[in-house]
Amino acid sequence: MPTKPDLRVNIGRIELQNPVMTASGTFGYAKEYAELVDLNRLGAIIIKGLSLQPARGNPPPRIVETACGMLNAIGLENVGIESFEKEKLPFLETLDPPIFANIYGRTIEEYAALAQRIEALDAIAGIEVNISCPNVKAGGLAFGTDPQAASAVVKAVRNQTTKLLIVKLSPNVTDITEIARCVEAAGADALSLINTITGMAIDIETRRSRLANMTGGLSGPAIKPVALRMVWQVAQTATIPIIGIGGIMQAEDALEFLIAGATAVEIGTANFINPQATVDIIDGIEAFLAQHNISRITEIVGTLVH
Ligand SMILES: Cc1cc2nc3c(=O)[nH]c(=O)nc-3n(C[C@H](O)[C@H](O)[C@H](O)COP(=O)(O)O)c2cc1C
């Protein structure tokens, strides 16, 4: 009987039992999925993006189905850090996998204040910083599209936390490797990419956008080739671990990201179609490794043949 492949990976100093995590905003605060998935099988859990104050998000309609994907303009609705600590954290404390908080702010000071608060929470193993949000002091330009602003956010968060610091990159840029280099230099322990790609859908009868917010973020299989290309590009320059995200629906998709250079992956839109997508992907990766006599998952990372 051959031994089972070793699926463990390290993101910075944190060891995951396997490389499959949940993508922020697609898995709530995990409890929502507790009856549908064995949460303790996951590599890590990333929760819905948190802000200092509760946020109601954008008005409806805020989700549209598109060819091979979805557009969302939720607008980062969340319960805010205070309710999160009181109402959501106790359940998360009962789980085995590392829990990562995803955070966003409208100013650098807000990011820093959130990081400081999360630093005190023992149940949170790390912070994923979402820089794909508007910087109110720079006329709404997203932090993640400006190397200086991105770097300033990461430095401010780094100053407040010793926890694992993952920076989640926006794909809505000309050269993602430039931002990746800047945030690594600013103190990130790992990079996750990609966030959603800005898109639109129009109702031709009413000539209105199908989203009240006009534009939204495209996710799902439609974005996988773009995400894969960006992960591969960033892997050429980054010296810290990369977490691949974008349209991963099955184990084969996850394996493509690992071969392109990602150490781990996040699963987003797939959870809405198949709530068990994460565990199916873990099982599929394990089966692939066993079939190919690969004893450790790390042996496949960054093995693209040129
Ligand atoms: C409904 C929805 C809500 C999301 N909320 C967040 C969020 O709060 N913070 C964040 O960093 N990313 C958020 N994202 C982006 C996802 O985490 C992920 O980066 C993106 O959807 C691409 O992965 P996918 O194609 O597997 O869905 C959200 C995506 C969706 C579809």
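Focus: the side chain of S192
Working step 1: Checked against the element boundaries, S192 lands in strand β10 (residues 190-193).
Working step 2: Excluding its chain neighbours within four sequence positions, the residues that come into contact with S192 are E128, I166, V167, K168, L169, I243, I245 and E266.

Brief notes about the sheet that holds strand β6 (residues 69-72)
Working step 1: A sheet is described by the order of its strands in space; here 4 strands give the open sequence β5-β6-β14-β11, paired in antiparallel fashion. With partners counted over all chains shown, the strands left at the sheet margins are β5 (63-66) and β11 (197-199), one partner each. Between one strand and the next, the sheet's axes are offset by a mean angle of 35°, whatever the strand orientation.
Working step 2: Sheet topology note: the β11/strand β14 (residues 216-219) ladder contains 3 bridges and is antiparallel. Across the sheet, T198 pairs through a bridge with G217, a residue of β14.

Thoughts on helix α3 (residues 147-158)
Working step 1: Given a rise of 1.5 Å per residue, 12 residues ought to cover 16 Å, and the 16 Å separating the end C-alpha atoms of α3 matches this to within 8%.
Working step 2: Buried within α3 we find P147, A149, A150, S151, V153, V154, A156 and V157.
Working step 3: Packed against the buried residues of α3 are β7 (99-103), α2 (108-119), β8 (126-130), β9 (164-168) and α4 (176-185).

Some thoughts on helix α1 (residues 80-92)
Working step 1: Taken as a whole, α1 carries its principal kink of about 45° at K86; the proline P90 stands between one and four residues after it.
Working step 2: Taken residue by residue, α1 has G80, I81, F84, L89 and L92 as its buried positions.

Thoughts on a nonpolar patch on the surface
Working step 1: Taken together, the side chains of M200, I202, I204 and M214 define a hydrophobic patch exposed on the protein surface, amounting to about 440 Å² of accessible area.
Working step 2: Along the chain, M214 turns up in the loop between β13 (208-209) and β14.
Working step 3: Classification of M214 as partly exposed rests on a relative accessible area of 47%.

Looking at the site of the ligand
Working step 1: As a structural note, the neighbourhood of the ligand is formed by 24 residues, with S24, K168, G220, G247 and T269 the closest of them.
Working step 2: At 2.8 Å from an oxygen atom of the ligand is found a main-chain nitrogen or oxygen belonging to S24.
Working step 3: Between the ligand and the protein, one listed contact pairs an oxygen atom with a side-chain N or O atom of N130 at 3.3 Å.
Working step 4: Expressed as a share of its isolated accessible area of 610 Å², the protein-covered part of the ligand is 97%.
Working step 5: Looking at the shell around the ligand, its residues break down into 7 nonpolar, 15 polar and 2 charged.

Some points on the pairing of β9
Working step 1: With 5 of its 5 residues buried, β9 lies for the most part within the structure.
Working step 2: Alternating positions in β9 separate into two faces, L164, I166 and K168 on one and L165 and V167 on the other, with burial throughout.
Working step 3: Alignment of β8 against β9, held across 5 bridges, turns out to be parallel. Considered in β9, the bridge of V129 is made with V167.
Working step 4: With 3 bridges connecting them, β9 and β10 associate as parallel partners.

Thresholds, definitions, all that
- Just so you know, the residues in each chain are numbered from 1, in the order the chain's sequence is written.
- Selection of residues for local features in this predicted model requires a pLDDT of at least 70, selection of side-chain atom pairs for listing and counting requires 80 or more, and totals for whole chains, interfaces and linings are taken over all residues.
- Values reported for side chains reflect all heavy atoms of the structure, with hydrogen atoms and water molecules removed beforehand.
- A run of H or I in DSSP becomes a helix once it reaches four residues, and a run of E becomes a strand once it reaches two; helices and strands are each numbered from the N terminus.
- Should any heavy atoms of two residues lie within 4.5 Å, those residues are counted as being in contact.
- Being paired, for any two strands, means DSSP has found at least two bridges between them.
- Only the stretch in contact is used when fitting a helix axis, every axis being a line fitted to C-alpha atoms; angles between N-to-C directions are given from 0 to 180 degrees.
- The length a helix should cover is 1.5 Å for every residue beyond the first.
- Burial here depends on accessible area, computed with a 1.4 Å probe over protein chains only, as a share of the maximum for the residue type. Under 20% is buried, over 50% is exposed, and the range in between is partly exposed.
- At every residue, the bend is computed as the angle between two fitted axes, covering the seven residues ending there and the seven beginning there respectively.
- Only residues whose relative accessible area exceeds 30% and that take part in no salt bridge are eligible for patches, with like-charged residues grouped when within 9 Å of each other and nonpolar side chains (Val, Leu, Ile, Met, Phe, Trp, Tyr) grouped when within 5 Å.
- For the area figures, the Shrake-Rupley method with a 1.4 Å probe applies, and any residue is considered shielded solely by the protein chains shown.
- Whenever a carboxyl oxygen of Asp or Glu lies within 4 Å of a side-chain nitrogen of Lys or Arg, that contact is scored as a salt bridge.
- Throughout, the term near means that a residue has one or more heavy atoms lying within 4 Å of the molecule or strand in question.
- Polar contact is the term for a pair of N or O atoms within 3.5 Å; when the atoms are in protein, one must be able to donate a hydrogen and the other to accept it, and sequence-neighboring residues count only if both atoms are side-chain atoms.
- Three categories are distinguished: nonpolar for Ala, Val, Leu, Ile, Met, Phe, Trp, Tyr, Cys and Pro, charged for Asp, Glu, Lys and Arg, and polar for the others, with Gly belonging to the last.

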